[in-house]
Amino acid sequence: MAAPCLILLDELADYCVGATTVPVGDTSLADQTVSSIQQLAEAVQQVPGAVVVATLPASKYKVAQSEKGQEQRARAKTAKNASVCSADL
């Protein structure tokens, strides 16, 4: 039995900002990470009682101010099979 299962990925956007500078073939580690997270989310959908929770900064001002940081935040928020909840704390 695989459930209940919670997979928590904290500060994903900040990690991906740093990973944009690490080349992996024709892409970057950030691209590979986002692809892996999408595959993980699709796999978890097949397991009743399992869920992936990835935290993102609620505000674009709380993630790296670079253009790449904003791109990674937007990409993560619109990932396939993603549900986005927001809380202003």
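Before any of the text, the structure's been laid out above.
A brief structural summary. (Residues numbered from 1 in each chain as written. Predicted model: local features only at pLDDT ≥ 70, side-chain atom pairs only at ≥ 80, totals over all residues. Heavy atoms only, no water.)

Focus: the overall build of the chain
Stage number 1. Scanning the chain for helices and strands turns up three helices and four strands.
Stage number 2. The order of α-helices and β-strands along the chain, N terminus first, is β-α-β-β-α-β-α.
Stage number 3. Residues classed as buried in the chain amount to 22% of the 89 residues present.
Stage number 4. Taken as a whole, the chain presents about 6100 Å² of accessible surface, with 57% of it coming from carbon and sulfur. (Helix = DSSP H or I, 4+ residues; strand = E, 2+ residues; numbered from the N terminus. Buried < 20%, exposed > 50% of the residue type's maximum accessible area, 1.4 Å probe, protein only. Areas by Shrake-Rupley, 256 points an atom, 1.4 Å probe, with all protein chains shown as cover.)

Observations concerning the packing of helix H1 (residues 12-19) against helix H2 (residues 29-44)
Stage number 1. Where H1 meets H2, the axes come as close as 7 Å, and the angle between the chain directions of the two elements is 145°. Note on element contacts: H2 touches H1 through Leu29, Ala30, Thr33, Val34 and Ile37, opposite Leu12, Tyr15, Cys16 and Ala19.
Stage number 2. Looking at the contact of H1 with H2, its residues break down into eight nonpolar, one polar and no charged. (Axes fitted to C-alpha atoms, helices over the stretch in contact; angles between N-to-C directions. Contact = heavy atoms within 4.5 Å. Nonpolar A, V, L, I, M, F, W, Y, C, P; charged D, E, K, R; others polar.)

Some details on H2
Stage number 1. A rise of 1.5 Å per residue sets the reference length of H2, with its 16 residues, at 22 Å; its end C-alpha atoms lie 22 Å apart and thus fit the reference within 8%.
Stage number 2. Residues of H2 that are buried include every one of Ala30, Thr33, Val34, Ala41 and Val44, and no others. Axial view of H2: buried residues confined to an arc of 95°, hence all on one face. (Expected span 1.5 Å × (residues − 1). Arc of directions from axis to C-beta.)

Section: the nonpolar core
Stage number 1. With five residues, the main nonpolar core is built from Leu12, Cys16, Ala19, Ala30 and Val34.
Stage number 2. Broken down by secondary-structure element, the contributors of at least two residues to this core are H1 and H2.
Stage number 3. For this core, the leading source of residues is H1, giving three residues. (Core = buried A, V, L, I, M, F, W, Y, C linked by side-chain atoms within 4.5 Å.)

Remarks on a nonpolar patch on the surface
Stage number 1. A cluster of nonpolar residues, Leu6, Leu8, Val51 and Val53, forms a patch on the protein surface that exposes about 350 Å² of accessible area.
Stage number 2. At the level of secondary structure, the elements contributing two or more residues to the nonpolar patch comprise strand E1 (5-9) and strand E4 (50-54).
Stage number 3. Within the secondary structure layout, leucine 8 lies in strand E1.
Stage number 4. Given the relative accessible area of 54%, leucine 8 is considered exposed. (Patch = residues over 30% accessible without salt bridge, like charges linked within 9 Å, V, L, I, M, F, W, Y side chains within 5 Å. Salt bridge = Lys/Arg side-chain N within 4 Å of Asp/Glu carboxyl O.)

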